[in-house]
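Notes for the structure review
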Amino acid sequence: MGAGTGGQPPLYLSFNNNRYVIEQDKYVIGRGSKHTDLTIRDGNISRKHCAIIYRNGSYYIKDLDSTNGIEYRGSRIESKKIEEGDVFYLCDYELRFSFRG
């Protein structure tokens, strides 16, 4: 799986007043900087907390067996297809997704 090899549309992530472009098949979010694409330096965030995965034409967010999980609309989720404007929480951190540049 190479970066951007599928010709997928970019997904935009807003986090901590920064905007990130996700164009690879697997984008890992977590505390450990060696194996993550987005690093959140917080002891409540697992080393590899979750991943954004591009599969069959869609992006999904998937929990990577983290301790504190992913929250979506007040419930803990294991995985979900990402839709325009979705907001997820990793502990107190908001992850907001958009397909519009």
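Residues numbered from 1 in each chain as written. Predicted model: local features only at pLDDT ≥ 70, side-chain atom pairs only at ≥ 80, totals over all residues. Heavy atoms only, no water.

Some points on the pairing of strand β10 (residues 87-90)
For a regular strand, the rule is simple: side chains alternate between the two faces of the sheet. For clarity, the cut-off: The rule for pairing is simple: two strands pair if DSSP sees at least two bridges between them. In this description a helix means any DSSP run of H or I spanning at least four residues, a strand means any run of E spanning at least two, and both kinds are numbered starting from the N terminus.
Here β10 pairs with strand β11 (residues 93-98) via four bridges, running antiparallel. Following the sheet pairing, L90 is matched in β11 by Y93. Adjacent in sequence and paired antiparallel, β10 and β11 are bridged by two residues, among which C91 carries a positive phi angle near 55 degrees.

Digging into the pattern of salt bridges
Applied cut-off: Take a side-chain nitrogen of Lys or Arg and a carboxyl oxygen of Asp or Glu: if they are within 4 Å of each other, that pair is a salt bridge.
Per the stated rule, a full pass over the model turns up four salt bridges. Residue R76 pairs with D63 through a salt bridge whose shortest N-O separation is 3.9 Å. Of this pair, R76 sits in strand β8 (residues 75-77) while D63 is found in strand β6 (residues 58-63), placing the two residues 13 residues apart along the sequence.

Examining the side chain of S66
Cut-off, in case you're wondering: Classification of residues uses two cut-offs on accessible area relative to the type maximum, computed with a 1.4 Å probe and protein chains only: under 20% is buried, over 50% is exposed, and between them is partly exposed. Nitrogen and oxygen atoms within 3.5 Å of one another constitute a polar contact, given that in protein one can donate a hydrogen and the other can accept it, and given that sequence-neighbouring residues count only through two side-chain atoms. By definition, residues are in contact when any of their heavy atoms lie within 4.5 Å.
Position of S66 among the secondary structure elements: in the loop between β6 and β7 (70-72). The buried category is assigned to S66, whose relative accessible area is 6%. Of the polar contacts made by the side chain of S66, one reaches the backbone nitrogen of G69; its length is 2.9 Å. Ignoring any residue separated from it by four or fewer positions in sequence, one finds S66 in contact with S46, H49 and R76.

What to know about the pairing of β11
Two strands pair when backbone bridges link them, and strand β1 (residues 11-15) and β11 are joined in this way by three bridges, in the antiparallel orientation. Following the sheet pairing, S14 is matched in β11 by R96.

Let's talk about the nonpolar core
Threshold: We define the nonpolar core as a collection of buried residues of types Ala, Val, Leu, Ile, Met, Phe, Trp, Tyr and Cys that are connected through side-chain atoms lying within 4.5 Å of one another.
Counting residues in each nonpolar core, the largest one holds 23 residues, and the members touching the most others are L13, I29, I52, I61 and F97. If you list the elements that add at least two residues to this core, you get β1, β3 (26-30), β5 (50-55), β6, β7, β10 and β11.

Description of the environment of H49
Within the secondary structure, H49 is located in the loop between β4 (38-39) and β5. In this structure H49 comes out as buried when scored by relative accessible area, which is 0%. Sequence-wise, H49 and I70 are 21 residues apart; in three dimensions their C-alpha atoms are separated by 8.5 Å. Look past the residues within four positions of H49 in its chain and what remains in contact with it is I29, G30, N44, D63, L64, S66, N68, G69 and L90.

Observations concerning the sheet that holds β3
The strand order across the open sheet formed by five strands is β4-β3-β5-β6-β9, and the pairing between neighbours is mixed. Edge positions in the sheet fall to β4 and β9 (79-81), since each of these pairs with one other strand and no more. As defined by bridge partners, β3 adjoins β5 across four bridges and the pair is classed as antiparallel. Of the residues in β5, the one forming a bridge with V28 is A51.

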